Each structure stands twice: as C-alpha cells, then as structure tokens.
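If you want the building blocks of each chain, they are given just below.
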Amino acid sequence: MSSQENSLGISCLFSSNMDEFLQAVFLFLDPASLKNSRRVSSQWNSFIKDRVWDSQVEMERLTEKLKLLWKEGTPASVERISSQRLISSVKCDMKFVYCCTMEGFIDVYEIATGNIKYKLDCFPDKRSDDGSDD
C-alpha cells in the first residue's frame with residue numbers, strides 16, 4: 001500500500017464519523033507519540049485537541065494510563081550529582097535538579113552535565129549574624 005493510499009484510508013476514518021475508534025487508537029499511543037501525532041496534519045491536530053485533550057472522559061483515560069506507566073515503569077537512576085551537604089528534598093524540571101539541604105541551602109545542578117549551576121543561601125542574614133558559612 002502506498003503512502004498516498006494509506007493517507008486516504010486514514011482520512012476516510014475521519015470523514016466516516018469513526019470518532020470512538022480514532023480516540024481508542026490515539027489513546028493507545030504513549031503521551032510523547034500522542035503529542036507528536038498532533039504535528040502530522042491540521043486534521044489530526046484538531047481531532048486530538050478537540051476529542052482527546054479537551055474531552056473529560058478521554059483525559060481521565062489518559063490520566064489513568066499515565067498513572068499506570070508511573071507505577072509500572074522502570075525507574076532510571078543516574079548518579080551524576082554529589083553534594084557535601086545533607087539533602088532534605090529534591091525537585092527537578094527538564095533542565096535542573098534542585099537539592100534543598102538541611103542547612104538551608106538550595107544547590108541547583110544541571111541535568112545534562114551534573115555540574116552545580118547555583119548555590120542559593122535561603123538564610124543569608126542569619127548566617128552573617130552568627131558567623132556561620134556554608
């Protein structure tokens with residue numbers, strides 16, 4: 001089957017009011033693939049936006065799928081960061097890892113390199129009063 005024939009077949013599904021089937025197909029995808037599918041065409045983008053993302057029922061299904069992936073997925077562990085301080089909590093985004101320490105500092109590390117980017121003192125006034133330092 002040529003790509004043109006395949007494209008016509010998929011377009012036929014959209015024009016044949018096969019919404020539930022198409023929703024099931026798109027929800028079978030992992031979240032990254034679903035997001036990438038929006039880039040295929042304006043028709044796919046509109047369908048995914050209107051019938052998957054903006055649908056309460058479909059968002060509940062997608063949320064349950066994400067929870068399942070979270071619970072059953074294989075965690076990745078990368079040891080790139082080492083701290084001289086006692087860490088009390090860790091948060092991250094796509095670029096940085098934020099380590100809150102028991103001493104009241106926040107050490108910010110770059111994920112890509114593991115290098116420390118910032119050392120933030122949450123209580124600089126207190127430290128200048130008592131003479132303590134990091």
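Residues numbered from 1 in each chain as written. Predicted model: local features only at pLDDT ≥ 70, side-chain atom pairs only at ≥ 80, totals over all residues. Heavy atoms only, no water.

With that settled, consider the confidence of the model for the protein. Fine structural detail should not be taken from predicted coordinates in areas where pLDDT scores are low. When the pLDDT values of the protein are averaged, the result is 77; 81% of them are 70 or greater. The least confident element of the protein, judged by mean pLDDT, is helix H1 (residues 3-15) at 60; the most confident is strand S3 (residues 105-110) at 89. (pLDDT = per-residue confidence, 0-100. Helix = DSSP H or I, 4+ residues; strand = E, 2+ residues; numbered from the N terminus.)

One can describe the packing of helix H4 (residues 42-53) onto helix H5 (residues 56-72) by two numbers: an axis separation of 6 Å at closest approach and a directional angle of 85°. Here H4 lies roughly perpendicular to H5, going by the angle between them. In this structure, H4 uses Arg51, Val52 and Trp53 to contact H5, whose residues at the interface are Glu58, Met59 and Leu62. Looking at the contact of H4 with H5 residue by residue, the classes come out as 4 nonpolar, no polar and 2 charged. (Axes fitted to C-alpha atoms, helices over the stretch in contact; angles between N-to-C directions. Parallel < 35°, antiparallel > 145°, perpendicular 65-115°, else oblique. Contact = heavy atoms within 4.5 Å. Nonpolar A, V, L, I, M, F, W, Y, C, P; charged D, E, K, R; others polar.)

Glancing now at the sheet that holds strand S4 (residues 116-121). One open sheet holds the 4 strands; their spatial order is S1-S2-S3-S4, and the pairing between them is antiparallel. Two strands lie at the open edges of the sheet, namely strand S1 (87-92) and S4, each paired on one side alone. With direction set aside, neighbouring strand axes in the sheet form an average angle of 20°. In terms of strand pairing, strand S2 (residues 96-101) meets S3 through 5 bridges, oriented antiparallel. The residue of S3 that forms the bridge with valine 97 is tyrosine 109. (Pairing = 2+ DSSP bridges.)

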